[in-house]
Every structure is written in structure tokens, then in C-alpha cells.
Amino acid sequence: MSADPITDDVVALLARIVDRFVGSYESAAAAQGLTTVQAKVLGALGEPLPMHRIAEKLNSERSNVTGIIDRLEARGLVERRPDERDRRIKNIVATPAGAVLARNFRRSLGFAAEPLAALDPDDRVKLRDLLQRMVDAEA
């Protein structure tokens, strides 16, 4: 760990939060009949995306994403559509059923919202801004 005890505390707390979030995420996905990766794909489809962009978002190989998309497509949750500008590119689009399932999944993620509700609005804004700075620093 670092020589700074405050940094050590923050890292340990973030690890606990991540563990709790992952557990909540897995339970919420399972309740919707999804794997966590399938839930991530549906969550990423706020707009049509080519498979290589989905693979980038998931930090996954394209070949793995193909199988995930195939299974979601078999369930009627996504479909492949030709890109409007380049018909060689197939975009993945959530079907209406897939969009409803993704929305239900997001709403069932209680862990993230419940502890934040304990913070007053100013503290939530500060936390958001600090987390954004951390995300921006890694980019």
C-alpha cells in the first residue's frame, strides 16, 4: 500500500464499495435472467453500437462479444441492423423488450442509490465531482 494512511483508507473503502456493488449487480442481473455481461451490454445500448465499440466498453475480445450478442438476440433483446452510413457495419440495437429489461435492471440496482440517499444533496455533488476528477485523471 502507500505511505499515506488516508490513501490506504480510501482504497480500502473503495474496495468494499466495489465488492458490494458487484454483488448487487450480479443479483440484479440474475433476477432479470441475465448474466452480468449481458446486463452490461444492454446497459451500453442507449444508442446503436457496432460490436467493436461494445467490446471496447466491456474491455473484451470481439469474439466474446459475438457470443453474448448471439444469446441476447436469440432472446429477442437485441438485433443487428446495418449502419446508415456504412451498410457493411452492423450496429447492435436494443429491441423494445431489451430496453424494458435494461430499464428494469437499472431500477433494481438498489445498492448504488440507497447509500447515496443518506448523503445530503451537496455531499452527493461533491462526491460526484471528486469521482469524476478521478475518472478524468486516468484518461
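Residues numbered from 1 in each chain as written. Predicted model: local features only at pLDDT ≥ 70, side-chain atom pairs only at ≥ 80, totals over all residues. Heavy atoms only, no water.

### Quick look at the pattern of salt bridges
Alright, step 1. With the rule as written, the count across this model stands at six salt bridges.
Alright, step 2. Salt-bridge contacts for Arg81 lead to Glu79; the nearest nitrogen and oxygen are separated by 2.6 Å.
Alright, step 3. When its relative accessible area of 39% is taken as the criterion, Arg81 is described as partly exposed.
Alright, step 4. Residue Glu79 is classed as partly exposed on the basis of its relative accessible area, which comes to 29%.
Alright, step 5. Measuring nitrogen to oxygen at the nearest pair gives 2.8 Å for the salt bridge that ties Asp129 to Arg128.
Alright, step 6. Overall, Asp129 belongs to the partly exposed group, its relative accessible area being 35%.
Alright, step 7. Salt bridges sharing partners connect three or more residues here, namely Asp70, Glu73 and Arg80. (Salt bridge = Lys/Arg side-chain N within 4 Å of Asp/Glu carboxyl O. Buried < 20%, exposed > 50% of the residue type's maximum accessible area, 1.4 Å probe, protein only.)

### Let's talk about the packing of helix H2 (residues 36-44) against helix H3 (residues 51-58)
Alright, step 1. Relative to each other, H2 and H3 sit at 120°, their axes nearing to 10 Å. Our classification of the angle between H2 and H3 gives oblique. The handedness of the crossing between H2 and H3 is right-handed. Contacts between H2 and H3 involve Val37, Lys40, Val41 and Ala44 from the former and Ile54, Lys57 and Leu58 from the latter.
Alright, step 2. Residues that form the contact of H2 with H3 fall into these classes: five nonpolar, no polar and two charged. (Axes fitted to C-alpha atoms, helices over the stretch in contact; angles between N-to-C directions. Helix = DSSP H or I, 4+ residues; strand = E, 2+ residues; numbered from the N terminus. Parallel < 35°, antiparallel > 145°, perpendicular 65-115°, else oblique. Left-handed = near helix turned anticlockwise from the far one by under 90°. Contact = heavy atoms within 4.5 Å. Nonpolar A, V, L, I, M, F, W, Y, C, P; charged D, E, K, R; others polar.)

### Notes on the environment of Asn104
Alright, step 1. Relative to the helices and strands, Asn104 resides in helix H5 (residues 96-107).
Alright, step 2. The class for Asn104 is partly exposed, based on a relative accessible area of 32%.
Alright, step 3. For the pair formed by Asn104 and Ala31, sequence separation is 73 residues and the distance between their alpha carbons is 9.9 Å.

### Quick look at the sheet that holds strand S1 (residues 49-50)
Alright, step 1. Pairing is antiparallel in the open sheet, where three strands are placed in the order S1-S3-S2. Two strands close off the open sheet at either side, each with one partner strand: S1 and strand S2 (78-82).
Alright, step 2. By the bridge criterion, five bridges tie S2 to strand S3 (residues 90-94) in an arrangement that is antiparallel. Bridge pairing links Arg81 to Asn91 in S3. (Pairing = 2+ DSSP bridges.)

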